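Understanding the architecture of this molecule
For reference, the chains in residue letters:
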Amino acid sequence: MTRPARIVTGGCVAFAAGLGALAVLQHRAFWTGRFDVGNLVQAVWSTAHGDVLSVTGLTGRQISRLGAHFDPIVVLFAPLWWVWPDASMLLVAQALAVATGAIPVYLLARRHLDSDWAAAGFGLAYLLHPATQWLVLDDFHPVALATPLLLWGFWFLDSDRLVAFGVVAALACLTKEQIGLVVAVIGLWYALRPGRRRAGLAIAVAGTVVSLVAVAIVVPHYAPGGGSPFESRYDAVGGSPGGIARTTLTDPGAISGALTSGRDLGYLARLILPLLGLPLLAPLAALTAAPELLLNLLSGTRTQTSIHFHYTAGALPGLFVAAVLGAARLRRRYAWANRPEGRAVVVSTFLAGVLLGPLPVWRDVPLGSDLATREHVVGHHARVAARAVAVIPPDAPVSATNTLGAHLSERRRIFSFPVLGDATWVAVDRQRPSYRDQADAPGPFGRAFAALEASGLYRVVFDEDGIVVLRLKEGSSVAAGMP
């Protein structure tokens, strides 16, 4: 193994160990949530216990995970759960998987730039890019696995290894409903190569079919309301896929306005500028990021146009491949003597990581990011929360607020407070209600808890530092009129 290869391998190990440890510490510090660590834990736990992908929905109904997202790859974690039955397993596996994406970036760059050191620069840039790091620290999402899988897919297609590509592309399609469209555009990119038209078009058709089946058939079939629970995010541009298509034809200004707001342009800049704008020099490869980027830019949900969340997973592969190919185009055109692009992109992504990344060390650096850089500290409140959730029996149905729910989802029934369902236990963190708690409560969060106390159905068994655990009184049943 060459020295540059060893450096990239070491970077992968450091990334997986460091970011994986931070993700686990954030969970232990009670900064993860029922959405989305807890609901994935429940899906994996249910599958490991024979009830495949069963989760408790927001309304309290027991539904399939497929009613929210097409991510059946989750079932592959069930055997791992038998060995390591803890949410930390999912967080560590995610960090390990994302870290491996640096390897195909390195291999592609080595081939197209004809330099081990330049290739190492691009491999490290993948690990240093703030969006890659945030992808690991934004709870656990199966779609994060699509990033390394698609990067391996690019490498296999670039090597004309169609069978290997088919395996990783199929797995990537199982991580979220829109990833099939990313695979489809990758197929079109491949079809433009000499002699690759038939294979590329076949990939494009297959990817499109997978996404259409997922969006139009699978998710609506399992969703409680018969449609995607996320369509409301696109109400301003038509809501459903058909509505967006109609808006595109009848009111293109609404579409262009949604794509070019200041927030949207800032989001694109945070993805592309750390790569020195190189993806723009290879537009065909960069277009493979379009399905994910368009979904995010058209959405009215602010988190989708932020690099701090998992919504970059389907876009990062195409942007990094395009950056490599853009650098190769510069080399062919200008025949740089010292070939500095590998070093430059490392410096650029490093600086972007300092300014925008999640690592705790940057909070003490001038202009360094301090967003979420203290969430890895397991403080007094987290220790109280750990004692609180330990009071609740592992098989009891429970209603919990978001951060407590992330630690109580290893059971068949868990409700999102203030939904009570048939919960015999309730766990509420009054000091740290999350955005999810505020969104679900019918009115102010405090009013929902006051109604619970006034009902007289539950007695308090734990009350410390704003964390309250209640148990259903003997002989009582949850009233239908409760919030």
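Parameters at a glance
Residues numbered from 1 in each chain as written. Predicted model: local features only at pLDDT ≥ 70, side-chain atom pairs only at ≥ 80, totals over all residues. Heavy atoms only, no water. Pairing = 2+ DSSP bridges. Helix = DSSP H or I, 4+ residues; strand = E, 2+ residues; numbered from the N terminus. 1 Å grid on protein atoms, 1.4 Å probe; cavity = no way out; pocket = protein on both sides within 12 Å on 5 of 7 lines; lining within 4 Å. Points joined across faces, edges and corners; volume = space filled by probe spheres on them. Buried < 20%, exposed > 50% of the residue type's maximum accessible area, 1.4 Å probe, protein only. Contact = heavy atoms within 4.5 Å.

For the rest of this paragraph, the subject is the pairing of strand 6 (residues 458-464). Here six bridges tie strand 6 to strand 7 (residues 467-472), and the two strands are oriented antiparallel to one another. Its bridge partner being in strand 7, Glu464 is matched across the sheet by Ile467. Between strand 6 and strand 7, which pair antiparallel one after the other, the connecting turn spans two residues, and Asp465 there sits at a positive phi close to 55°.

Glancing now at the layout of surface pockets. Space inside the second largest pocket adds up to approximately 770 Å³. Residue lining of the second largest pocket: 28 residues in total, with Gln178, Val215, Tyr234, Pro241 and Leu295 positioned closest to the centre. A total of seven residues in the lining of the second largest pocket trace back to one element, the largest contributor, which is helix 11 (residues 197-222).

A word on unusual backbone geometry. The omega torsion of the bond from Phe35 to Asp36 falls at 25°, within 30 degrees of zero and hence cis. Among the secondary structure elements, Asp36 is positioned in helix 2 (residues 34-48). Cis rather than trans, the peptide bond between Phe417 and Pro418 has omega equal to 20°. Tracing the backbone through its elements, the reader meets Pro418 in the loop between strand 4 (414-416) and strand 5 (425-429). Of note, the phi angle at Phe30 is positive, near 60°, even though the residue is not glycine. Relative to the helices and strands, Phe30 is located in the loop between helix 1 (3-28) and helix 2. What makes Phe30 buried here is its relative accessible area of 4%.

The next thing to look at is the environment of Ser211. Looking at the element boundaries, Ser211 is found in helix 11. Ser211 sits in the buried class, given a relative accessible area of 2%. Taking the C-alpha atoms as reference points, Ser211 and Gln178, 33 residues apart in sequence, are found 5.7 Å from one another. When sequence neighbours within four positions are dropped, the list of residues in contact with Ser211 reads Glu177, Gln178, Ile179, Gly180 and Leu181.

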